[in-house]
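Letter by letter, the chains look like this.
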Amino acid sequence: MNDTIQLDADAVLRRFAEEREKRLRPEGFGQYLGLTQDMDRDPWTERQERPPVADHVTFTFVGGGWAGLLTGAELAKRGIHDVRIIDRAGDFGGVWYWNRYPGVMCDSPAALYLPLLEETGHMPSMKYAFQPEILEHCQRIGRHFGLYDKALFHTSVERAEWDEAARLWRITTDRGDSFTSTYLSLGLGFFSTPKLPGIHGIEKFKGKAFHAARWDYAYTGGSPADPRLDKLTDKRVAVIGTGATAIQCIGPVSETAKELYVFQRTPSAVSPRGNGPVDEAWFRSIATPGWQKRYNDAYVRDWTGLWGQPFSLEPSLDPLDDDFAKFAARLRSVILSVPAEIRNPVTVKAALDKASVDIVSEVHEYIRGMVSDPDTAEKLLPWYRPLCKRPTFNDDYLHAYNRPGTRLVDTDGKGVEAITETAVIANGTEYPVDCIIYASGFEFAKDPLRALKFEVLGTGGIDLRSHWAQGVRSLHGLHTRGFPNMFTVQLAQGADFAANVPTGWQDAGETIALIVDHMRQQGLSRVEVEEADELAWSQQIAATPPMPDTRDCTPGLLTFEGGTDPRIALLSGVPEGPRGFFAMMAGWKLSGDFAGLEFQQ
Ligand SMILES: Cc1cc2nc3c(=O)[nH]c(=O)nc-3n(C[C@H](O)[C@H](O)[C@H](O)COP(=O)(O)OP(=O)(O)OC[C@H]3O[C@@H](n4cnc5c(N)ncnc54)[C@H](O)[C@@H]3O)c2cc1C
């Protein structure tokens, strides 16, 4: 490497550090607010009155997103149909029920993101599917596996309590339901609670204001299926936030809004998307029996190696030509370029830092090429390591800044100063607007306690929240001592495979269904994890240094807003990475002895 490049690299790394400093806030997650009750209304489905239920079911799953659907499907495949899925939404879908903002689509290839395609016979229409198709697929799975029969929608669980004498869970909800269930599972999602920025005066605004996850099409015009926002032509609109949601919705908003002000604290790394229709002949050629599992395995392989040992030396596959997987494969090859005998978190970080400079320069070049105004383009350049925030892919976002009505208001890491009755104030300037759209994201509930808003009482009445107060403890992320017949479907302490979440949830659903089926066949009524196994599992998670090390990242959701709480170490995945986890779980399931679990008649 010559001197000039070395100097540039140092300058870039210094800039990363400076930009991080600007954004660190002592309040961490405390800088955000929850939605007001009015903002949190379900815009999509009318609440139906119904009598409360008071019965018994075999299995209750709280959460009707992929986690609940895939567990329900795996149970149904084994003949267990007495399953009740509960959601505060009006239908299945989880994030895909709630998020219907214009432009919303998945980032993983649809051929993988839409699970159970073989079983349901669906062919994705686009390489990256838009929300209406994803929601329809959730509903298709619900119908195919009979999961609607016992589901309760627009229903929030208020309390679940283990009854040791009766060996079942007693569950109550906000609809007056009071029923029992042999098993309980929680899949509350890690992006299911929208948040607002805690901006001074936010409650004073008298115009229209909504969160992007509760989009108001009655105000903007258009619909999820046809997002031409024809009622914005005479409106001055503010979008606050420039993360993954804004990257997808700014394009459609900018097409019609009379004036659009985008308030930016931290720019996102944006790369081209290249979406398009799925070629039916191609799809038929790959869709041979077992294809989705094979493609999934290949995708997982691309990602594994970023996290842990041992690093796979097999060449990357990327059969779906996916840019996110290419990004992973690139980082993996950087890690592998460090000789095995000196490969450790420090040497890996140094190698990644070098690569970060190249990757960031490429993103900068792309942005400069797309945005005609050089000043705006400079402000849109991200200055952080590639893994600090989820990279985004979009063909519309940058182009929006070339439209005459769209203006970027960069706040140099500080964020919006205040909101008044009629305006947004940033950098000392007042921007009068008719409407504020909060693209301010979600509480990141990788810490499962953040999503848990109700009481779960295990043996001896211990509350799960107090039980995990010193950090999450589990076996495989699924089983917790003191909470018999209960399973948690979560990122922490499992595969931690956020690159394509349904892959992990399908694996978890299969594990749960196998255990329940085993108990049914053997006439067993109680399962609980052994204390020693839970401890050993959690200790190995806590002892794993994050790889790659993201502790000096610009603050954001993936890095817990720069938080340094030691309990964060317990939220990682296994040291072996997703591939190692799935392989280990396959062996565990195959062996049939369910090591670490204690069963009783
Ligand atoms: C816009 C968007 C795009 C995404 N794109 C991708 C992608 O491309 N690839 C990827 O891998 N991941 C993506 N994700 C991440 C996404 O969260 C996961 O893929 C997946 O949908 C999570 O499923 P889940 O079942 O765990 O949670 P969720 O989908 O969040 O479902 C949880 C459900 O639990 C319900 N709930 C919570 N508490 C209660 C309670 N007390 N009582 C009743 N119900 C309750 C919620 O209403 C919610 O419906 C995306 C997320 C968003 C928001």
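(A) The arrangement of the nonpolar core in detail. Judged by nonpolar contacts, the single largest core of 162 residues is most densely connected at Trp66, Trp215 and Val456. If one sorts the elements of this core by residue count, helix H12 (residues 345-370) sits on top with 9 residues. Ignoring sequence-local partners within four residues, the contact set of Val456 consists of Ala160, Trp169, Leu184, Leu186, Ile462, Asp463, Leu464, Phe483 and Met486. Leu196, Ile202, Val424 and Ile436 belong to the second-largest nonpolar core, a separate cluster that totals 19 residues.

(B) Spotlight on the sheet that holds strand E8 (residues 208-211). Reading across from one edge, E8-E17-E9-E10-E13 is the order of the 5 strands in this open sheet, with parallel pairing throughout. Two strands bound the open sheet, and with one partner strand each, they are E8 and strand E13 (406-410). The sheet shows a mean angle of 20° between the axes of neighbouring strands, direction not considered. Bridging between strand E9 (residues 236-240) and strand E17 (residues 435-438) involves 4 bridges; their strand directions are parallel. Following the sheet pairing, Val237 is matched in E17 by Cys435. Here helix H8 (residues 244-256) sits on the sheet in contact with E9, strand E10 (259-264) and E13, set at roughly 165° to E10.

(C) Region of the structure containing the site of the ligand. In the vicinity of the ligand lie 37 residues, with Asp87, Asp107, Ser108, Tyr113 and Val501 positioned nearest. A distance of 2.7 Å is found between a nitrogen atom of the ligand and a side-chain nitrogen or oxygen belonging to Ser108. In this structure, an oxygen atom belonging to the ligand sits 2.5 Å away from a side-chain N or O atom of Tyr113. Burial of the ligand by the protein amounts to 95% of the accessible area it has alone, namely 990 Å². Every element with two or more residues in the shell around the ligand is listed here: helix H2 (66-77), helix H3 (95-98) and helix H16 (501-522). By residue number, the principal contributor to the shell around the ligand is H3, which donates 3 residues.

(D) Layout of the pairing of E9. Where burial is concerned, most of E9 is hidden: 4 out of the 5 residues are buried. Bridge analysis of E9 against E10 gives 5 bridges, and the strand direction is parallel. Its bridge partner being in E10, Arg236 is matched across the sheet by Glu259. For the handedness criterion, the β-α-β arrangement of E9, H8 and E10 is classed as right-handed.

(E) Fine view of the packing of aromatic side chains. Scanning the entire structure with this criterion turns up 29 aromatic pairs. Ring geometry for Tyr261 versus Tyr431: centroids 5.3 Å apart, planes at 55°, classification tilted. Separated by 170 residues along the polypeptide, Tyr261 in strand E10 and Tyr431 in strand E16 (residues 429-432) bring together distant segments of the chain. Like Tyr261, the residue Tyr431 is buried in the burial classification. Among the aromatic residues, ring-to-ring pairing joins Trp44, Phe210, Trp215 and Tyr217 into one connected group. In this arrangement the basic side chain of Arg214 is found over the ring face of Trp98, its NZ or CZ atom lying 4.0 Å from the centre.

(F) Representation of the packing of H2 against H16 in the model. Relative orientation of the contacting elements H2 and H16 amounts to 40°, with a least axis distance of 8 Å. As judged from the angle between their axes, H2 and H16 are oblique. The handedness of the crossing between H2 and H16 comes out as right-handed. Here H2 contributes Trp66, Ala67, Leu70, Thr71, Glu74, Leu75 and Lys77 to the contact with H16, which in turn contributes Pro502, Trp505, Gln506, Gly509, Glu510, Ile512, Ala513 and Val516. In terms of residue class, the contact of H2 with H16 is made up of 9 nonpolar, 3 polar and 3 charged.

(G) View of the layout of surface pockets. Of the voids in this model, the second largest pocket is the one considered here, and its volume is about 660 Å³. Lining the second largest pocket are 24 residues, and of these Lys293, Asn296, Asp297, Asp507 and Glu510 sit closest to its centre. Secondary-structure elements contributing two or more residues to the lining of the second largest pocket are H2, helix H5 (117-120), helix H10 (291-303), H16 and helix H18 (577-591). When the residues that make up the lining of the second largest pocket are grouped by side-chain class, the tally is 9 nonpolar, 4 polar and 11 charged.

(H) Region of interest: the environment of Leu535. Mapped onto the elements, Leu535 comes out in helix H17 (residues 531-542). For the pair Leu535 and Arg481, spaced 54 residues apart in the sequence, the C-alpha separation amounts to 9.4 Å.

(I) Structural view of the pattern of salt bridges. The final tally for this structure, using the stated rule, is 46 salt bridges. In this structure, Arg368 and Glu378 form a salt bridge, with 2.7 Å as the shortest nitrogen-oxygen distance. In this pair, Arg368 sits in helix H12 while Glu378 sits in helix H13 (residues 374-379), placing the two residues 10 residues apart along the sequence. Taking relative accessible area as the criterion, Arg368 reaches 42% and is therefore assigned partly exposed.

(J) Spotlight on the packing of helix H11 (residues 323-336) against H12. It is at 9 Å that the axes of H11 and H12 come closest, and there the two elements cross at 140°. Judged by the angle between their axes, H11 and H12 are oblique. Relative to H12, the crossing made by H11 is right-handed. Seen from H11, the contacting residues are Phe327, Arg330, Leu331, Val334 and Ile335; seen from H12, they are Val348, Ala351, Leu352, Ala355, Asp358, Ile359 and Glu362.

(K) Up close: the pairing of strand E2 (residues 56-62). Burial runs high along E2: 5 of the 7 residues are buried. Note that E2 and strand E6 (residues 178-186) share 6 bridges and pair parallel. For Thr60, the partnering residue across the bridge sits in E6 and is Leu184. Relative to strand E3 (residues 83-86), E2 runs parallel, the two being bridged by 4 bridges.

(L) Inspection of the state of the cysteines at higher detail. According to the stated counting rule, one finds 0 disulfides in the structure shown. Cys249 takes part in no disulfide bond, and the closest cysteine sulfur to it belongs to Cys435, at a distance of 11 Å. By relative accessible area, Cys435 is classed as buried at 0%.

Rules behind the numbers
Residues numbered from 1 in each chain as written. Predicted model: local features only at pLDDT ≥ 70, side-chain atom pairs only at ≥ 80, totals over all residues. Heavy atoms only, no water. Core = buried A, V, L, I, M, F, W, Y, C linked by side-chain atoms within 4.5 Å. Buried < 20%, exposed > 50% of the residue type's maximum accessible area, 1.4 Å probe, protein only. Helix = DSSP H or I, 4+ residues; strand = E, 2+ residues; numbered from the N terminus. Contact = heavy atoms within 4.5 Å. Pairing = 2+ DSSP bridges. Axes fitted to C-alpha atoms, helices over the stretch in contact; angles between N-to-C directions. Near = heavy atom within 4 Å. Polar contact = N/O pair within 3.5 Å; in protein donor to acceptor, adjacent residues only side chain to side chain. Areas by Shrake-Rupley, 256 points an atom, 1.4 Å probe, with all protein chains shown as cover. Right-handed = clockwise from strand over helix to strand, strands pointing away. Phe/Tyr/Trp six-rings, centres within 6.5 Å; stacked < 30°, edge-to-face > 60°. Lys NZ or Arg CZ within 6 Å of the ring centre and 35° of its normal. Parallel < 35°, antiparallel > 145°, perpendicular 65-115°, else oblique. Left-handed = near helix turned anticlockwise from the far one by under 90°. Nonpolar A, V, L, I, M, F, W, Y, C, P; charged D, E, K, R; others polar. 1 Å grid on protein atoms, 1.4 Å probe; cavity = no way out; pocket = protein on both sides within 12 Å on 5 of 7 lines; lining within 4 Å. Points joined across faces, edges and corners; volume = space filled by probe spheres on them. Salt bridge = Lys/Arg side-chain N within 4 Å of Asp/Glu carboxyl O. Disulfide = S-S within 2.5 Å.

Without other data, these values stay purely geometric and don't point to any function.
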